[in-house]
Each structure stands twice: as structure tokens, then as C-alpha cells.
Amino acid sequence: MINIFFTTALVVAVLQGSSTVDATSSTRSLQKTYETIQGRSCFRSLNGMIESMADLAAKYPDLITMESIGESYIKKNNPSRSDYGSNMRYDLPPGGFDIYAFNVTSGNSARQSAEKGKMLVTSGVHAREWAPPELNARFIETLVEGYNTNADITWILDHTEIHA
């Protein structure tokens, strides 16, 4: 139990130095710009988020894995707008989307998965909550980009699996 609190305190301490607020600017290592929510350049759109996380997983395969764990309700059931009655104020995205999970940890660590602490971070649960997925993505980017350059981040990823 103490290990969980210690790890959380380290994560918070490591992330306090980051102050980037424009999602249209590239992440430090990917040097690429991603699609954002119209009128909200500080938040990546769903397509921008998926693309940036896929790029991050491709660049750091020993630190992050990205896996589809299911389909959205819309993708699975293909409902129409009329299925929601008169309360529907927003258009449904065509086709729906896959739901992704990320495992962030050091694959080269001497510790095996069973020996590592586990941390679960959720975001994107509700469609109109834009900040948590962006914050979670920046948290993941900070961890993988800081590995082997920041002692605290290296320790965290050597001793913990972060599932997001």
C-alpha cells in the first residue's frame, strides 16, 4: 500500500514541470501535429488522439503497448438518431470507434509483470469531458519520453505498470 502512495507522489512530482497547453504543437519526440477539436486547440480530437498514441507506441515499443479492447456502443449496435427520441441534441459519429487500452511500463526491466505494482488511469468515459483524455495522453507522453533521462520516471516504469 505504501508503494502505491509513493509511486503516485513521484508521478505528481515528475509532471509538475510540464506546462504545454497547445495540443496542435507536436510532442517533443514525435515532431508531428495532430488534429484538434474545432475551436479548442488545446485538446486533440479523437482521431488526433488515436493517431498520436499509435505513433507513440510505434516509437517506444519497449515502453508502451496499445490494444483495442472493444467497440463503442455506436460501432457495435449502429443506432440511429431516432433511437434516442427527442432528447438527442448532438449528431452521432458515423460508424463508431474502437476502445483502446495502453500499458506503459519498461519491457526491459529486470522485474517481471507479476512483480510490478499496477496503476489504472481512466479517462474519456463521458463524451463531452475533453480535458481528462488530453491530460492522460500528456501523462503517458511524459512518462515514455522521460524514460532513461529522468531518474524518477525510469524508476516508476521499472517498478510499475500503468494501464490507461
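Note that this is a predicted model, so its numbers are computed, not measured. (Residues numbered from 1 in each chain as written. Predicted model: local features only at pLDDT ≥ 70, side-chain atom pairs only at ≥ 80, totals over all residues. Heavy atoms only, no water.)

Another point: the nonpolar core. Core analysis: the biggest nonpolar cluster contains 21 residues, and Ile64, Val104, Ile140, Leu157 and Ile162 have the highest contact counts within it. Listed by contribution, the elements that provide at least two residues to this core are helix H2 (46-59), strand S4 (98-104), helix H4 (131-146) and helix H5 (151-159). Top element by residues in this core is H4. It accounts for five residues. Other than its neighbours up to four places away in sequence, Val104 contacts Leu63, Ile64, Ile140, Leu143, Val144, Leu157, Thr160, Glu161 and Ile162. (Core = buried A, V, L, I, M, F, W, Y, C linked by side-chain atoms within 4.5 Å. Buried < 20%, exposed > 50% of the residue type's maximum accessible area, 1.4 Å probe, protein only. Helix = DSSP H or I, 4+ residues; strand = E, 2+ residues; numbered from the N terminus. Contact = heavy atoms within 4.5 Å.)

In this model, H4 (16 residues) spans 22 Å end to end at C-alpha, consistent with the 22 Å of a helix rising 1.5 Å per residue. With 12 of its 16 residues buried, H4 lies for the most part within the structure. Taken residue by residue, H4 has Glu134, Asn136, Ala137, Arg138, Phe139, Ile140, Glu141, Thr142, Leu143, Val144, Glu145 and Gly146 as its buried positions. Looking one or two residues past H4, Asn148 carries a phi angle of roughly 70 degrees, positive in sign. (Expected span 1.5 Å × (residues − 1).)

Each pair of packed helices can be summarised by the angle the axes make with each other and by the distance between the axes. Contact geometry of H4 with H5 gives a least axis separation of 8 Å together with a crossing angle of 100 degrees. Comparing their axes, H5 and H4 come out roughly perpendicular. Contacts between H4 and H5 involve Thr142, Leu143 and Gly146 on the former and, on the latter, Ile153, Thr154 and Leu157. Each residue belonging to the contact of H4 with H5 can be placed in one class, and the counts come to three nonpolar, three polar and no charged. (Axes fitted to C-alpha atoms, helices over the stretch in contact; angles between N-to-C directions. Parallel < 35°, antiparallel > 145°, perpendicular 65-115°, else oblique. Nonpolar A, V, L, I, M, F, W, Y, C, P; charged D, E, K, R; others polar.)

With the rule as written, the count across this model stands at six salt bridges. For the salt bridge of Glu134 with Arg44, the shortest nitrogen-to-oxygen distance reads 2.8 Å. Separated by 90 residues along the polypeptide, Glu134 in helix H4 and Arg44 in strand S2 (residues 40-44) bring together distant segments of the chain. Taken as a pair, Glu134 and Arg44 share a single burial class, namely buried. (Salt bridge = Lys/Arg side-chain N within 4 Å of Asp/Glu carboxyl O.)

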